[in-house]
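Single-letter residue listing:
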Amino acid sequence: MADEDVEQTEPRGHAPGVWWAELSTWGAVATIIFGGAAAVWVSFRLPGTPQNLASGYYGAAKVVAIGLVTVGCTLLGRRRARTSATEETNGRKRV
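Student: Help me understand the overall build of the protein in this model?
Tutor: Within the protein, the regular secondary structure consists of 2 helices and 0 strands. Within the protein, the fraction of its 95 residues that count as buried is 16%. Long-range contacts, defined here as pairs at least 24 residues apart, represent 63% of the contacts in the protein between residues at least 6 apart. Summed over its atoms, the accessible surface of the protein is roughly 8100 Å², and 60% of this surface lies on carbon and sulfur atoms.

Student: Can you help me understand unusual backbone geometry in this one?
Tutor: Most of the time, phi is negative for any residue but glycine, and the peptide bond is trans. Although it is not a glycine, Arg45 sits at a positive phi angle of roughly 55 degrees. Inspection of the secondary structure assignment puts Arg45 in the loop between helix H1 (25-43) and helix H2 (53-94). Looking at Arg45, the relative accessible area reads 61%, which means it is exposed.

Student: In this structure, what is going on with a nonpolar patch on the surface? I would like to understand it.
Tutor: Together, Val40, Trp41, Phe44 and Leu46 line one region of the surface with nonpolar side chains, adding up to about 400 Å² of accessible area. By the element assignment, Leu46 lies in the loop between H1 and H2.

Student: What's the story with the side chain of Thr25 in this structure? I'm lost.
Tutor: You can see Thr25 is positioned in helix H1. Polar contacts involving the side chain of Thr25 include one to the side chain of Arg78, which spans 3.3 Å. Look past the residues within four positions of Thr25 in its chain and what remains in contact with it is Val71, Thr74, Leu75 and Arg78.

Student: So what exactly am I meant to see when it comes to H1 here?
Tutor: Here H1 contains 19 residues, and its C-alpha end-to-end distance of 27 Å stays within 8% of the 27 Å for a straight helix at 1.5 Å per residue. Those residues of H1 that sit buried are Thr25, Gly27, Ala28, Thr31, Gly35 and Val42. Phi turns positive, to about 55 degrees, at Arg45, one or two residues after H1.

So, how was this worked out
Residues numbered from 1 in each chain as written. Predicted model: local features only at pLDDT ≥ 70, side-chain atom pairs only at ≥ 80, totals over all residues. Heavy atoms only, no water. Helix = DSSP H or I, 4+ residues; strand = E, 2+ residues; numbered from the N terminus. Buried < 20%, exposed > 50% of the residue type's maximum accessible area, 1.4 Å probe, protein only. Contact = heavy atoms within 4.5 Å. Areas by Shrake-Rupley, 256 points an atom, 1.4 Å probe, with all protein chains shown as cover. Patch = residues over 30% accessible without salt bridge, like charges linked within 9 Å, V, L, I, M, F, W, Y side chains within 5 Å. Salt bridge = Lys/Arg side-chain N within 4 Å of Asp/Glu carboxyl O. Polar contact = N/O pair within 3.5 Å; in protein donor to acceptor, adjacent residues only side chain to side chain. Expected span 1.5 Å × (residues − 1).

Given below as structure tokens:
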């Protein structure tokens with residue numbers, strides 16, 4: 001049987017996204033704070049700190065970087081939406 005003859009009953013969705021894909025602005029800020037707290041945790045060598053401190057700082061830096069990129073993208077998207085809405089209303093007034 002050819003692939004053309006088979007009916008697909010399952011919806012063809014995309015693979016599940018990464019965990020930070022659905023963060024809002026406040027979620028991104030919380031991620032930044034969590035990464036900073038993890039860095040402080042490692043610097044004070046509290047329980048659960050890895051033997052190699054560089055790996056602990058690396059993990060904390062990754063979390064902070066993800067938060068910073070997410071908050072930047074969210075704020076940039078809001079700014080673009082606001083700009084396009086302003087241009088749209090200005091265009092209506094001129095016509």
